[in-house]
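Coordinate analysis (summary)
Chain by chain, the residues run as shown.
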Amino acid sequence: MFARAKMDRGVRVRRRNLSSAARRYLEADAIVVSIPKSGRTWLRVFLQAYFCALEGIPFIFDKYKLPNGKIQRLVYTHDLWRHLASAGFADRLRGKHLIPRKAVETKPIILMARDPRDVMVSLYFQWTRRAHAYRGAISEMIRDRRLGIWPVVNIMNTWMVEWGSRRDFKLVRYEDCREDTEKEFRDVLLFLGVDKVDVAAMRQAIEFCSFENMRAMEAAGRFETKILKPGDVNDPESFKVRRGIVGGYRRYLEPGDVEYLKQAISALDPRFGYRVEERRSSQPATS
């Protein structure tokens with residue numbers, strides 16, 4: 001299914017969702033898609049915090065709705081990754097985690113991307129320290145045919161082929177958000193149809209969703225949702241808001257592993273803008 005020789009071709013997508021979950025995609029105002037650990041929670045908390053700030057109400061981490069009248073519902077999904085990497089047989093058969101064809105063709109789509117090398121390290125800690133669903137070493141996981149780097153690259157390429165040339169598609173890169181958070185998040189709001197961005201509310205929301213604040217809130221258990229709870233409060237690597245360092249994957253990998261990841265990155269669609277030799281940064285952001 002994920003043969004390396006076919007990585008640049010993507011996967012064949014039959015977007016048939018026969019589950020009750022299909023309805024939420026069809027009712028959405030926009031859909032946010034990502035590989036897990038690409039910074040989606042950071043963006044999600046920002047959007048929630050922004051619209052809450054506009055209305056002067058406390059932060060609400062609601063699963064689908066935003067408390068603003070114009071953009072009423074966003075759906076967040078891992079789409080193909082969830083379908084191929086972690087869904088059970090019955091869910092795959094029904095296409096439960098796939099965006100239905102009609103929704104793909106009619107809904108604005110935001111693709112939240114992050115350098116797959118950093119994604120792989122964060123995914124490893126997600127699967128070993130939070131989900132407790134993987135017991136192998138990180139060098140084994142990055143080579144795994146279901147959970148490893150090649151499936152991630154393959155799926156990202158498929159998404160870009162599907163949506164990259166559309167006018168109602170926006171690529172949001174984690175690294176760009178780290179470099180200029182205000183500009184990138186403002187652009188997201190404009191893409192979602194906000195006519196005039198409230199600068200004060202935006203800056204308040206950016207401060208709220210900062211790495212330091214979100215990590216402190218997660219440690220204190222202030223988020224009601226299990227999405228933002230650590231696997232073990234005494235284990236920093238088990239936090240949802242873990243480290244978020246751009247290029248931080250190198251500190252966890254052996255030289256042979258880094259080289260293996262380079263080969264995969266060389267097959268990634270160039271429109272993502274990730275180079276084999278990435279810029280390094282020590283600045284954290286919410287992951």
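Numbering of residues starts from 1 in each chain and follows the order in which that chain's sequence is written. Confidence filtering applies because this is a predicted model: local features only for residues at pLDDT of at least 70, side-chain atom pairs given and counted only at 80 or more, and all residues used for totals across whole chains, interfaces and linings. Processing note: side-chain calculations cover all non-hydrogen atoms of the structure and skip hydrogens and water entirely.

We now examine helix 10 (residues 181-191). In this scheme, a residue with accessible area under 20% of its type's maximum is buried, one over 50% is exposed, and one in between is partly exposed, where area comes from a 1.4 Å probe on protein chains only. Secondary structure counts use DSSP, requiring at least four H or I residues in a row for a helix and at least two E residues in a row for a strand, with both numbered from the N terminus. Of the positions making up helix 10, those classed as buried are Thr181, Glu184, Phe185, Val188 and Leu189. Each buried residue of helix 10 lies within a common arc of 140 degrees when the element is viewed along its axis, so the set occupies one face. Positive backbone phi, approximately 100 degrees, marks Gly193, located one or two places after helix 10. The directions considered for the arc run from the helix axis to the C-beta atoms.

Moving on, we get to the side chain of Arg117. Structurally, Arg117 is set in helix 6 (residues 116-130). On the basis of relative accessibility, which here comes to 0%, the residue Arg117 falls in the buried class. Think of a polar contact as two N or O atoms within 3.5 Å of one another; within protein, one of them needs to be a possible hydrogen donor and the other a possible acceptor, and neighboring residues in sequence only count if both atoms come from side chains. Within polar-contact distance, the side chain of Arg117 engages the side chain of Asp115 at 2.8 Å.

This part takes up the packing of helix 2 (residues 40-55) against helix 10. An axis is simply a line fitted to the C-alpha atoms; with a helix, the fit covers only the stretch in contact. Between two such axes, the angle follows the N-to-C directions and lies from 0 to 180 degrees. At a closest axis distance of 11 Å, the pairing of helix 2 and helix 10 adopts a crossing angle of 70 degrees. Between helix 2 and helix 10, the angle falls in the class roughly perpendicular. For the pair formed by helix 2 and helix 10, the contact residues are Trp42, Leu43, Phe46, Leu47, Tyr50 and Phe51 on the first element and Thr181, Phe185, Val188 and Leu189 on the second. When describing relative orientation, an angle under 35 degrees is termed roughly parallel and one over 145 degrees roughly antiparallel, while 65 to 115 degrees is termed roughly perpendicular and anything else oblique. We call two residues in contact whenever any of their non-hydrogen atoms come within 4.5 Å of each other.

As a further point, take the confidence of the model for the protein chain. In regions of low pLDDT, the predicted coordinates are not meant to be interpreted in detail. One confidence number per residue, pLDDT, is output by the predictor and ranges from 0 to 100. Residues with a pLDDT of 70 or more make up 77% of the protein chain, whose mean pLDDT is 82. Mean pLDDT across the secondary structure elements of the protein chain bottoms out at helix 12 (residues 211-220), with 68, and peaks at strand 4 (residues 169-173), with 98. Segment residues 1-8 is flagged for pLDDT under 50; beyond a separation of four residues in sequence, or across chains, it makes 21 contacts in the model. This model gives residues 230-242 a pLDDT under 50, and the stretch forms 45 contacts once residues within four places in sequence are excluded.

Here we take up the pattern of salt bridges. The salt bridge criterion pairs a side-chain nitrogen of Lys or Arg with a carboxyl oxygen of Asp or Glu, the two atoms within 4 Å. For the coordinates displayed, the defined rule picks out 14 salt bridges. The shortest N-O distance in the salt bridge between Arg173 and Asp176 comes to 3.0 Å.

As a further point, take the nonpolar core. For the purposes of this section, nonpolar cores are sets of buried Ala, Val, Leu, Ile, Met, Phe, Trp, Tyr and Cys residues that join through side-chain atoms within 4.5 Å. Grouped together as the largest cluster of nonpolar side chains are 48 residues, with contacts concentrated most on Ile35 and Trp81. When residues of this core are traced back to their parent elements, those giving at least two are strand 1 (30-34), helix 3 (79-86), helix 5 (101-106), strand 3 (109-113), helix 6, helix 7 (138-141), helix 8 (149-163) and helix 13 (255-265). Considering each element in turn, this core owes the most residues, 9 residues, to helix 8. If we ignore the near neighbours within four places in the chain, the residues touching Ile35 are His78, Trp81, Met112, Val119, Leu123, Val152, Ile155, Met156 and Trp159.

What follows covers the packing of aromatic side chains. Here the aromatic set is Phe, Tyr and Trp, taking the six-membered ring for Trp, and pairing holds for ring centres within 6.5 Å; pairs whose planes are under 30 degrees apart are stacked, those over 60 apart are edge-to-face, and all others are tilted. In this structure the tally under the stated criterion is 10 aromatic pairs. With a centroid separation of 6.1 Å and 15 degrees between ring planes, the pair formed by Trp159 and Trp163 is classed as stacked. Of this pair, Trp159 and Trp163 are both found in helix 8, 4 residues apart, which corresponds to roughly one turn of the helix. Both residues of the pair, Trp159 and Trp163, belong to the buried class. Ring pairs connect the aromatic residues Trp42, Phe46, Tyr50, Phe51, Tyr174 and Phe185, which therefore count as one cluster. A ring is scored as having a charge over it whenever the NZ atom of a lysine or the CZ atom of an arginine sits within 6 Å of its centre and within 35 degrees of its normal. Of note, Arg24 hangs over the ring of Tyr25, and the distance from its end group to the ring centre comes to 4.8 Å. Here the guanidinium or amino end of Arg44 rests over the ring plane of Tyr76, the centre of that ring lying 4.7 Å away.

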